[in-house]
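# Summary of the model geometry
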Amino acid sequence: MKHRRTSFFVPVALLGLAIAVLAAFTAAQNAGWRSHTSFLSLTFPDDLTPSVVARRGTIYLILYFATVLVVPVLSIAACMLVLWDLADRRNQGPNTIERIL
Amino acid sequence: MSLQKAKSKGPPTGPWTKTIVCVALATVCWLPLVRFIFRPATDGPGLGTREVEALAKRQIRIWSDPVLKDREQEPMRRSNPEWDFMGRTFTVLALAEMSLQSPSAAATYLPVIDTIIDDTLMRDRAEGPWVFLMGYSKARPFNVTPARSLFVDGEIALMIGARRLVREKAEWIGEFQDRLRHCLEPIQNSRTLLAESYPDECWLFDHAAVMGALLMSDRLDGTSHVRFCKRWLALARTNLIDPATGLLGSEFAQDGRMLDGPEGSSIWFALHCLRLVDDEFARGQYDLARQELGRSLLGFGWSREWPPGHRNHADIDSGVVIPVLDASPGGSGLALIGAASFGDSRYLRSLCTSLNFAAFPSYKNGALKFTASNQVGDAAILYAMTLGPLWDRIRERTP
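Our focus in this paragraph is the overall build of chain A. Each helix and strand in chain A was counted, giving three helices and zero strands. The N-to-C order of helical and strand elements in chain A reads α-α-α. Total accessible area on chain A stands at roughly 5700 Å², and carbon and sulfur atoms take up 70% of it.

Written out as structure tokens, the structure reads:
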């Protein structure tokens, strides 16, 4: 029972993490923090201090790279886990999947 | 049947082991595919025509909208006044290239070029070369008096020469030759053939730009600087090479001491200019620079600022060096010029993929800027995407 709950929990957790990263990135994007990536070229807009620009730009970069590189990996991994579990259960007996469903 | 039994009787794989295996597999599947999202959608190695036109549109808009110009230039000038100046040079060079590629477009581009050159000359005359130099240029006197900067004179000559190669402008012939004279005299009067851009600082980048401008003069005004340029390069090959890498160093004292070894933010553009003097030598240096500074991984390309083993501090030219990869925004931007100039399609494509991935292209009213970059960075990218006909025109006369 515990094993089954964990098997269900892990893909959901991975997808939940992916959605959380996506939501945080969307928030940073909507807040206009993309423009603060100009700190990479050591160019800082007039209205903010360099440290604020660098901090926001760094957070945006981390969230952007997480969205592009990590979110798809988590989503693919979640799908793989579900498929693997289904395959395991099919191998363990004809009634296992019915029991789960 | 026996396999099925074995499967069902074997110990079940734990959920965490499965998770680790699946995440690892997903990573292996996904990472090699990322490049396809960001690869330029064009058959050529560089950015597409639409992107290049949109980049040019923004550079032109900067020079026709004083508010936008201030908004772009002032933050750059606060960090480094040189960038304002180099942004002008790269914009002029790019628009000159585009005028040569499409003579009908010259009517649009030449007035912008003239505005940039006029504004540059006006500021230089009013405030002296210091207006385009970093503050420390005033910290001590130049060795040679009256003080002149090879950086400023050389790039102004390069701008005017490029303009004249597109279409002659008689009123600037005198200015062009004056600037070249101010470049040539201190180089010729120096035992090491090095002239200052800053007090007792002589830069490869600036000398290479001057060589380009001198050869423009040969093409435009019938002068003959080829032998001098070859003599300078011969001395550079003997005295300005970093022994560890075989690459040209970037910064020297006027007595020839190397102050800074090879740098990504210097070498790529310098080699592009030195191609005009000795293509074979420049190509050999380019291959070495690719080996020491150029990097590619999974379809993404970048440039290091320093060769491996050369530890140096990140500076205003390198930009914020990305840890682990040692990717330099400044070096990578100029690597585009090197890759385009030497026809290194593979590297150019990987650099453009990185641009789309990590420089954050942003369109507004049909104009393109890279958010992680600034005006000088965008102008350098535009130049890299358009270069070709200007150097071909110079070489029509250079043996």
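That shown, we press on.
We now examine the overall build of chain B. Helix and strand content of chain B: 16 helices and seven strands. Compactness check: chain B gives a C-alpha radius of gyration of 24 Å against a globular reference of 21 Å for 399 residues, within 12% of the reference. Its C-alpha atoms give chain B principal-axis dimensions of roughly 90 × 50 × 40 Å. A total of 399 residues make up chain B; the buried ones form 59% of that total. Considering only contacts in chain B between residues 6 or more positions apart, those separated by 24 or more positions represent 69%. For chain B, the accessible surface area stands at approximately 16200 Å², while carbon and sulfur atoms represent 55% of it. Each charge sign in chain B was given a centre, from 46 positive and 46 negative side chains, and these centres are 8 Å apart.

All right, on to the pairing of strand β5 (residues 300-303) of chain B then. Residues in a regular strand point their side chains to alternate faces of the sheet. Residue and element names in this part refer to chain B. Judged by which residues are buried, β5 turns out to be covered on both faces: F300 and W302 on one side and G301 and S303 on the other are all buried. Alignment of strand β4 (residues 294-297) against β5, held across four bridges, turns out to be antiparallel. In the strand pairing of β5, S296 is matched with G301. Where β4 folds back on β5, the antiparallel hairpin that results is connected by two residues, among which L298 adopts a positive phi of roughly 50 degrees.

Here four bridges tie strand β6 (residues 361-364) of chain B to strand β7 (residues 367-370) of chain B, and the two strands are oriented antiparallel to one another. If you follow P361(B) over to β7(B), its bridge partner there is F370(B).

A few words now on helix α5 (residues 81-101) of chain B. The end-to-end C-alpha separation of α5(B) is 31 Å, in line with the 30 Å expected for 21 residues at 1.5 Å each. Of all 21 residues that make up α5(B), 20 are buried, and the element is covered over most of its length.

In terms of nonpolar packing, the biggest core is built from 149 residues, with F90(B), W232(B) and F269(B) touching the most fellow members. If one sorts the elements of this core by residue count, helix α2 (residues 50-92) of chain A sits on top with 13 residues. If near-sequence neighbours (up to four positions away) are discounted, F269(B) is found in contact with F90(B), L158(B), F205(B), A209(B), L334(B), I337(B) and Y383(B).

Our next topic: the packing of aromatic side chains. All names here are of chain B. Inspection of every chain in the model, using the stated rule, returns 19 aromatic pairs over all chains. Geometrically, the ring pair formed by F85 and F151 is edge-to-face, given 5.1 Å between the ring centres and 75 degrees between the ring planes. Taken together, the residues span a long stretch of sequence, with F85 in helix α5 and F151 in helix α7 (residues 150-166) at a distance of 66 residues. As far as the burial class goes, F85 and F151 line up, both buried.

What follows deals with unusual backbone geometry. Residue P146(B) follows T145(B) across a cis peptide bond; omega there is -10 degrees. Relative to the helices and strands, P146(B) is located in the loop between α6 (106-127) and α7. A positive phi angle, close to 55 degrees, is found at L42(A), a residue other than glycine. With respect to the helices and strands, the residue L42(A) is situated in the loop between α1 (2-30) and α2. Unusually for a residue other than glycine, L193(B) sits at a positive phi of about 60 degrees. Tracing the sequence through the fold places L193(B) in the loop between α8 (173-188) and β1 (202-203). A residue is classified by how much of its surface remains accessible, and L193(B), at 3% relative accessible area, is buried.

At the interface, 39 residues of chain B touch 32 residues of chain A. Interface area, chain B with chain A, both sides summed: about 3100 Å², of which 72% is carbon and sulfur. Per-residue buried area on chain B facing chain A is highest for K18(B), W30(B) and F360(B); these three make up 20% of the total on that side. Summed over the shared surface of chain B and chain A, the number is two salt bridges. Salt-bridge contacts for D88(A) lead to K18(B); the nearest nitrogen and oxygen are separated by 2.7 Å. Taken together, the elements giving at least two residues each to the side of chain B that touches chain A come down to α1 (2-9), α2 (15-38), α4 (66-79) and α14 (345-358) of chain B. For the side of chain B that touches chain A, the element with the highest residue contribution is α2(B), accounting for 15 residues.

Attention shifts here to the confidence of the model for chain A. Summarising the model, chain A shows a mean pLDDT of 86, and 83% of its residues fall at 70 or more. Model confidence for chain A, summarised as mean pLDDT per element, is weakest for helix α3 (residues 96-100) of chain A at 52 and strongest for α2(A) at 93.

All names here are of chain B. What the rule picks out here adds up to 28 salt bridges over all chains. Residue R237 is joined to D278 by a salt bridge in which the shortest nitrogen-to-oxygen separation is 3.4 Å. Taken as a pair, R237 in helix α10 (residues 226-239) and D278 in the loop between α11 (264-274) and α12 (279-292) lie far apart in primary sequence, 41 residues in all. In this structure, R304 engages D326 in a salt bridge whose closest nitrogen and oxygen atoms are separated by 3.3 Å. With R304 in the loop between β5 and α13 (329-341) and D326 in the loop between β5 and α13, the pair connects residues that are 22 residues apart, well separated along the chain. This pair shows no difference in class: R304 is buried, exactly as D326 is. One connected set of salt bridges, linked through shared partners, spans D124, R125, R148, D153, E175 and R179.

With that settled, the discussion passes to a nonpolar patch on the surface. Together, V82(A), L83(A) and L86(A) make up a nonpolar patch on the protein surface, roughly 250 Å² of accessible area in all. Relative to the assigned elements, L83(A) resides in helix α2.

In this section: the sheet that holds strand β3 (residues 258-260) of chain B. Residue and element names in this part refer to chain B. Read from one edge of the open sheet, three strands run β1-β2-β3, paired in antiparallel fashion. Among the strands making up the open sheet, the edge pair consists of β1 and β3. Of the pairings in the sheet, the one linking β1 to strand β2 (residues 251-252) comprises two bridges and is antiparallel in character. Within β2, the residue paired with W203 across the bridge is E251.

Moving on to the side chain of E251(B). All names here are of chain B. Residue placement: E251 occurs in strand β2. No salt bridge forms around the buried E251; measuring N to O, its nearest opposite-charge neighbour R140 is 7.0 Å away. Contacts of E251, omitting those with residues within four sequence positions, involve E201, C202, W203, R257, M258, L259 and D260.

Another aspect to go through is the side chain of H36(A). With respect to the helices and strands, the residue H36(A) is situated in the loop between α1 and α2. Non-local contacts of H36(A), meaning those with residues more than four positions away in its chain, are made with L48(A), V53(A), R56(A) and G57(A).

The rules behind each value
Residues numbered from 1 in each chain as written. Chains lettered and ligands numbered in written order. Predicted model: local features only at pLDDT ≥ 70, side-chain atom pairs only at ≥ 80, totals over all residues. Heavy atoms only, no water. Helix = DSSP H or I, 4+ residues; strand = E, 2+ residues; numbered from the N terminus. Areas by Shrake-Rupley, 256 points an atom, 1.4 Å probe, with all protein chains shown as cover. Rg over C-alpha atoms; globule rule 2.2 N^0.38 Å. Buried < 20%, exposed > 50% of the residue type's maximum accessible area, 1.4 Å probe, protein only. Contact = heavy atoms within 4.5 Å. Lys, Arg positive; Asp, Glu negative; His and termini not counted. Charge placed at Lys NZ, Arg CZ, Asp CG, Glu CD. Pairing = 2+ DSSP bridges. Expected span 1.5 Å × (residues − 1). Core = buried A, V, L, I, M, F, W, Y, C linked by side-chain atoms within 4.5 Å. Phe/Tyr/Trp six-rings, centres within 6.5 Å; stacked < 30°, edge-to-face > 60°. Buried area = accessible area lost by both parts, 1.4 Å probe. Salt bridge = Lys/Arg side-chain N within 4 Å of Asp/Glu carboxyl O. pLDDT = per-residue confidence, 0-100. Patch = residues over 30% accessible without salt bridge, like charges linked within 9 Å, V, L, I, M, F, W, Y side chains within 5 Å.

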